[in-house]
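Single-letter residue listing:
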Amino acid sequence: MILEVRDLEVHYRGKAAPTRAVDGASFAVPAGQIVGLVGESGCGKTTAARAIMGVLPGNARCVGGEIRFKGRTLDNAAMHDLRWRQIAYVPQSAMSSLDPVYTVGAQLAEVLTKRGTLGRAAAQARAADLFELVGLGPRRLADYPHQFSGGMRQRAAIAMALALEPSLILADEPVTALDVIVQRQVLDTLRALQQRLNLSVVLVTHDISVVAYLCDAVVVMYAGQVVESGPARDVLAHPRHPYTMGLRNAFPDLTSRATDLVPIDGSPPDLADPPAGCRFAPRCPFALAACTTGTVAVGADAPGHVSACRRDGEADALRRAALEPATWQRSSISATS
């Protein structure tokens, strides 16, 4: 494994109590694979990626767990050495991450000279090669960010991430706000580069269809915790946790009509005061009274397809029921306990 995250805990300061944005999350990234980190807004996926990169905001801190990269425990000192050189980051919005008053080429050259060891001439040559690599002509290095389309800005951000030849890329919602055609172009570029350069990628997304299109493996997060993980094809075809079943129903595929989409009613819990037991239980149509006590964890070393559900052994029956819209319209605990 190139990356191992064990029992990660990240808290944000709060007025009364800290918000436990990531609470005991564990997962691993095999070398040379794209792993999707998926869940709805507020599930902790971006916070987990920022914790790995060592770029948490000032009101957040890691309070527990361990992050290991190529067998080395990551701390602030380690990340200072590894950032950009071994682990790089593709931000969600390239427009806001690129400086509008400098050309894109100048910003790329800065990464190569200040974080790398290249001189100015060598940096310019490397920048031209990188733009060719991501499908942008070298002449566009002289342009400013506002002269780029959204898809071109994302390609430029990917070029910056690749500048110092890292082994691992963390891509945080890299195709958000792009139309579906441009999304596919960016995702195809990312996949081609991953295969050509043998990269490992953590792709943070709320869109399970992006995971289905691009990822080798998937880690599903809910309310700061990992609830299911495994090979992407298996998890999406045969989900074993009710939350993953709900996510699959809430996104279209090529065989469904828009009217077939079924939302998950309710909202994620307040992570300053999370509920006991399974955090999805209040929204789960299959929850039992026992689901409101204790926890079922998914470990980083668990082989294959695993889920943190007490009814994992009934997954086949639950999947069939989850396909019915009426299933998601009833009160879970009172109906099944």
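Participant: Lay out helix α1 (residues 45-53) with the relevant residues and their values.
Facilitator: In terms of burial, α1 is largely enclosed, as seven of its nine residues are buried. Of all the residues in α1, the buried ones are K45, T47, A48, A49, A51, I52 and M53. Taken from the residues just after α1, G54 is the one with a positive phi, measuring 75°.

Participant: Which residues make up helix α5 (residues 120-133), and what values go with them?
Facilitator: End to end, α5 covers 20 Å across 14 residues, agreeing with the expected 20 Å (1.5 Å per residue, within 8%). Looking only at α5, the buried set comprises A123, A127, A128, L130 and F131. Along α5, the residues classed as buried sweep out an arc of 160° about the axis, all on the same side. Turned more than 90 degrees away from the buried face of α5 sit A121 and E132, all of them exposed. Contact partners of the buried residues in α5: α4 (104-115) and α6 (150-162).

Participant: Please provide a residue-by-residue account of the packing of aromatic side chains, values included.
Facilitator: Remark: the centre distance and the inter-plane angle together describe each pair of aromatic rings, the angle taken between the planes. By the definition in use, this model includes five aromatic pairs. Pairing Y222 with Y243 gives two aromatic rings, centres 4.6 Å apart and planes at 50°, and the pair type is tilted. Highlighted residues: Y222 in strand β9 (residues 217-222) and Y243 in helix α10 (residues 242-250), separated in sequence by 21 residues. Ring pairs connect the aromatic residues Y222, Y243 and F280, which therefore count as one cluster. Across the ring face of F148, the terminal group of R140 is positioned such that the distance to the ring centre comes to 4.9 Å.

Participant: So what about the sheet that holds strand β5 (residues 72-73)? Which residues, and what values?
Facilitator: Strand order across the open sheet formed by four strands is β2-β1-β4-β5, with antiparallel pairing between neighbours. Every other strand in the sheet has two partners, leaving β2 (19-29) and β5 as the edge strands with one partner each. Two elements, strand β1 (residues 3-12) and strand β4 (residues 60-69), share eight bridges in a ladder whose sense is antiparallel. By the bridge assignment, V10 is partnered in β4 with C62. Set on the sheet, α1 makes contact with β1, β2 and β4; between it and β1 the angle comes to about 110°.

Participant: Residue-level account of the pattern of salt bridges, with values.
Facilitator: Scanning the model with the defined rule gives 13 salt bridges in all. Of the charged contacts in the structure, one is a salt bridge between E110 and K114, with a shortest N-O distance of 3.5 Å. Residue E110 and its partner K114 are both found in helix α4; the two are separated by four residues, about one turn of the helix. The class of E110 is partly exposed, set by a relative accessible area of 40%. With relative accessibility at 64%, the residue K114 sits in the exposed group. The closest approach of N and O atoms between D216 and R191, which form a salt bridge, is 3.5 Å. Linking D216 in the loop between α8 (208-214) and β9 with R191 in helix α7 (residues 180-197), this pair joins segments that are 25 residues apart in sequence. Using a relative accessible area of 30% as the deciding quantity, one classes D216 as partly exposed.

Participant: An account of the packing of α4 against α5 is needed here, citing residue identities and associated values.
Facilitator: Pairs of packed helices are described in terms of their axes, by the angle between the two and the distance that separates them. Packing of α4 against α5 leaves a shortest axis separation of 9 Å and a crossing angle of 115°. Crossing hand, α4 versus α5: right-handed. From α4, V104, L108, A109, L112 and T113 reach across to α5, where they touch A123, R126, A127, L130 and F131. Looking at the contact of α4 with α5 residue by residue, the class counts come to eight nonpolar, one polar and one charged.

Participant: Help me get a handle on the sheet that holds strand β11 (residues 306-307), residues and values and all.
Facilitator: Read across the sheet, seven strands follow the order β6-β7-β8-β3-β9-β10-β11 without closing on themselves; strand pairing throughout is mixed. Each edge of the open sheet is held by one strand with a lone partner, namely β6 (87-90) and β11. Here four bridges tie strand β3 (residues 34-38) to β9, and the two strands are oriented parallel to one another. By the bridge assignment, G36 is partnered in β9 with V218. The sheet contacts of α10 involve β9 and β10 (225-231), and relative to β9 the element is tilted by about 105°.

Participant: So what about the environment of V201? Which residues, and what values?
Facilitator: Following the sequence through the fold, V201 ends up in strand β8 (residues 200-205). Distance from V201 to F280, taken between C-alpha atoms, is 28 Å for residues 79 residues apart in sequence. Here V201 is in contact with V29, Q33, I34, V35, L168, I169 and Q194, once residues within four sequence places are set aside.

Participant: Just give me the short version of the pairing of β2, but keep the residues and values in it.
Facilitator: Burial runs high along β2: eight of the 11 residues are buried. Bridge count between β1 and β2: eight bridges; the pairing is antiparallel. Looking at β2, one finds that H11 is bridged to R20. Where β1 folds back on β2, the antiparallel hairpin that results is connected by six residues.

Participant: Explain the side chain of R279 residue by residue, including any values.
Facilitator: Structurally, R279 is set in the loop between α10 and β11. Judged by its relative accessible area of 6%, R279 falls in the buried class. Within the structure, the side chain of R279 is placed 2.5 Å from the side chain of D23, a separation counted as a polar contact. Look past the residues within four positions of R279 in its chain and what remains in contact with it is R20, D23, Y222, A223, Q225, P269, L271 and P274.

Cut-offs applied
Residues numbered from 1 in each chain as written. Predicted model: local features only at pLDDT ≥ 70, side-chain atom pairs only at ≥ 80, totals over all residues. Heavy atoms only, no water. Buried < 20%, exposed > 50% of the residue type's maximum accessible area, 1.4 Å probe, protein only. Helix = DSSP H or I, 4+ residues; strand = E, 2+ residues; numbered from the N terminus. Expected span 1.5 Å × (residues − 1). Arc of directions from axis to C-beta. Contact = heavy atoms within 4.5 Å. Phe/Tyr/Trp six-rings, centres within 6.5 Å; stacked < 30°, edge-to-face > 60°. Lys NZ or Arg CZ within 6 Å of the ring centre and 35° of its normal. Pairing = 2+ DSSP bridges. Axes fitted to C-alpha atoms, helices over the stretch in contact; angles between N-to-C directions. Salt bridge = Lys/Arg side-chain N within 4 Å of Asp/Glu carboxyl O. Left-handed = near helix turned anticlockwise from the far one by under 90°. Nonpolar A, V, L, I, M, F, W, Y, C, P; charged D, E, K, R; others polar. Polar contact = N/O pair within 3.5 Å; in protein donor to acceptor, adjacent residues only side chain to side chain.

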